[in-house]
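Working through the structure, step by step
Single-letter residue listing:
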Amino acid sequence: MSHYDYDLLTIGAGSGGTRASRVAAAHGARVAVAEEYRVGGTCVIRGCVPKKLLVYGAHFAEDLRDAQHFGWDVPSPCSFSWPTLRDNVLREVDRINGAYTQTLQNNGVEIIPQRAVVTGPNSVRLADGTERTAERILIAVGAHPAIPEIPGHEHGITSNEVFHLPELPRRILIAGGGYIANEFAGIFHQFGSHVILANRSQELLRGYDAQIRDRLLQIATMKGIEFRFDAAFRGIDKGEDGCLTVHLANHEPVVVDQVLFATGRRPNTSGLGLETAGVEIDDLGAVKVDEDHRSTCPSIYAIGDVTNRIQLTPVAIREGQAFADTVYGGKPTKVDYRCVPAAVFSHPPMAGVGLTEAQAKQQYGSVKVYSSDFRPMKNVLAGRNERALYKMVCDGLTDRVLGIHMIGPDVPEIIQICAVAVKAGLTKADFDATVALHPSMAEELVLLR
């Protein structure tokens, strides 16, 4: 028997830490998880899961209006209760939190509901002052929303607090140009708030295909969302009436009821004591790891957003599985970071996998681009002019599909199977040889010209 308290002590019970701990325990390891907040982490408690439920709720705004064109007698306008949706979402979060907790317990993982700070290569100190030791320590503490250091920043909120708002803001300014900013812009707009999205640069959703991004900007603008570009924050003043005056570079001040910061996320390494064990972190606070997730301290590993590689829940889960299988399962596994699909649950949603057109041209030189710019059947009958756009980027010499990028209804559901095709190295001819499923939007993928 080891002279340590545990074989593995995981700090952080988010998606990655939970998967790693559960699988390690199933392989026979003695495992404990220290979690200072709630089991489930950002994704379950204050991230993807509650956000996606709000997205579903937001879609009803247009669906109910469209329903009249399909013969349904729907009152216009319909009333909406934010507290009802908010409370139902939070109840679902509680349910999933309980399921995650039960899963760990069923696999024999000890849950320590305290903050843990590293005190050495094999030890941590808990919030109650006690020490625990482990042969290996896994850092899976995730990341937190970054807040700009500007005067009055305390008057804004982040994605952590947005799910608990007592009421919907009549006017909201969202700071940022990434997926979180654009998703909440669509959500609040559909709920009836006037939305202004302010971005410090001229580019939204950096890393996604430019043509798809431009289409989202066009549609969002037509819907009534306002955009301010080259609009770095200068400060926020709160008036006696509770309204917030936001000062932006290159723009007139904006008066709103709420400010939401969606300006990136930073790894949660501050105050974690990693320096006591010789764990190196980079300039952004991320733990430096090798391909086996091992830090510069041989007994300490890290997975998920705290490593700042790809900040996506499925990536953290894959890393947790690979770590446990490699270290405790006798099954060495590397995570393949190529062809990771991603989606923005904006309104409408966009999704992509593989290389964008610009990336493909830079890497391969000769590329062929096939596309379909169409009006979904549902939008036609509903009288909406909103158009979907599908793109396929191929190697000009081999015809191999290098990337697929889409915007339109349900594209996050479609992109998952596209990722299989891109990762498998299929060609445009393989898509062309596949019979279309009609009538569907996905059939456009095998009809691209």
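What counts, and where the lines are drawn
Residues numbered from 1 in each chain as written. Predicted model: local features only at pLDDT ≥ 70, side-chain atom pairs only at ≥ 80, totals over all residues. Heavy atoms only, no water. Helix = DSSP H or I, 4+ residues; strand = E, 2+ residues; numbered from the N terminus. Contact = heavy atoms within 4.5 Å. Core = buried A, V, L, I, M, F, W, Y, C linked by side-chain atoms within 4.5 Å. Buried < 20%, exposed > 50% of the residue type's maximum accessible area, 1.4 Å probe, protein only. Phe/Tyr/Trp six-rings, centres within 6.5 Å; stacked < 30°, edge-to-face > 60°. Lys NZ or Arg CZ within 6 Å of the ring centre and 35° of its normal. UniProt positions renumbered as here; feature names shortened; annotations may be inferred. Disulfide = S-S within 2.5 Å. Pairing = 2+ DSSP bridges. Axes fitted to C-alpha atoms, helices over the stretch in contact; angles between N-to-C directions.

What follows concerns the environment of glycine 16. Position of glycine 16 relative to the elements: it lies in helix H1 (residues 15-26). Among all residues touching glycine 16, those that are not within four sequence positions of it are Ile303, Ala316, Ile317 and Gly320.

Attention shifts here to the nonpolar core. Among the nonpolar cores identified, the biggest contains 34 residues, and Leu54, Val162, Ile174, Phe184, Phe188 and Leu260 are the most heavily contacted of them. Beyond its immediate sequence surroundings of up to four residues, leucine 260 is in contact with Ile157, Thr158, Ser159, Val162, Ile172, Leu173, Ile174, Ala175, Phe184 and Phe188.

Counted under the stated rule, the structure contains 9 aromatic pairs. Among the aromatic residues, those joined into a ring-pair cluster are Phe80, Trp82 and Phe191. Above the plane of the ring of tyrosine 370 lies lysine 428, whose end atom (NZ or CZ) is 4.5 Å from the centre.

Moving on: the UniProt feature "binding site: NAD(+)" (unreviewed entry) in the protein. Following the UniProt record, one finds the feature "binding site: NAD(+)" (unreviewed entry) at Gly176, Gly177, Gly178, Tyr179, Ile180, Ala181, Asn182, Glu183, Gly264 and Asp305. Considering the arrangement of structural elements, one finds glycine 176 in the loop between strand S8 (171-175) and helix H5 (179-190). Judged by its relative accessible area of 7%, glycine 176 falls in the buried class. Ignoring sequence-local partners within four residues, the contact set of glycine 176 consists of Ala181, Leu197, Ala198, Asn199, Ala262 and Thr263. Note on placement: alanine 181 falls in helix H5. For alanine 181, a relative accessible area of 0% gives the class buried.

This paragraph deals with the state of the cysteines. Throughout the structure, instances matching the rule amount to 0 disulfides. As a non-bridged cysteine, cysteine 339 has cysteine 418 as the owner of its nearest cysteine sulfur, 12 Å distant. In this structure cysteine 339 comes out as partly exposed when scored by relative accessible area, which is 25%.

For the rest of this paragraph, the subject is the UniProt feature "domain: Pyridine nucleotide-disulphide oxidoreductase dimerisation" (unreviewed entry) in the protein. Here, the residues flagged by UniProt with the feature "domain: Pyridine nucleotide-disulphide oxidoreductase dimerisation" (unreviewed entry) are residues 340-446. Split by type, residues 340-446 is 30% helix and 29% strand. Its first and last C-alpha atoms lie 21 Å apart.

This part covers the pairing of strand S14 (residues 258-261). Where burial is concerned, the two faces of S14 agree: the one with Gln258 and Leu260 and the one with Val259 and Phe261 are both buried. Pairing of S8 with S14 involves 4 bridges; the strand directions are parallel. What sits directly across from isoleucine 172, in S14, is glutamine 258.

Ordered by their spatial adjacency, 3 strands build an open sheet running S11-S12-S13, and the pairing between neighbours is antiparallel. Looking at strand neighbours, the two that pair on one side only are strand S11 (233-238) and strand S13 (254-256), the edges of this open sheet. Averaged over all neighbouring strand pairs, the angle between strand axes comes to 25°, with direction disregarded. Inspection of the sheet shows S11 paired to strand S12 (residues 244-248) by 5 bridges, in the antiparallel sense. Across the sheet, the residue bridging to lysine 238 is leucine 244, located in S12.

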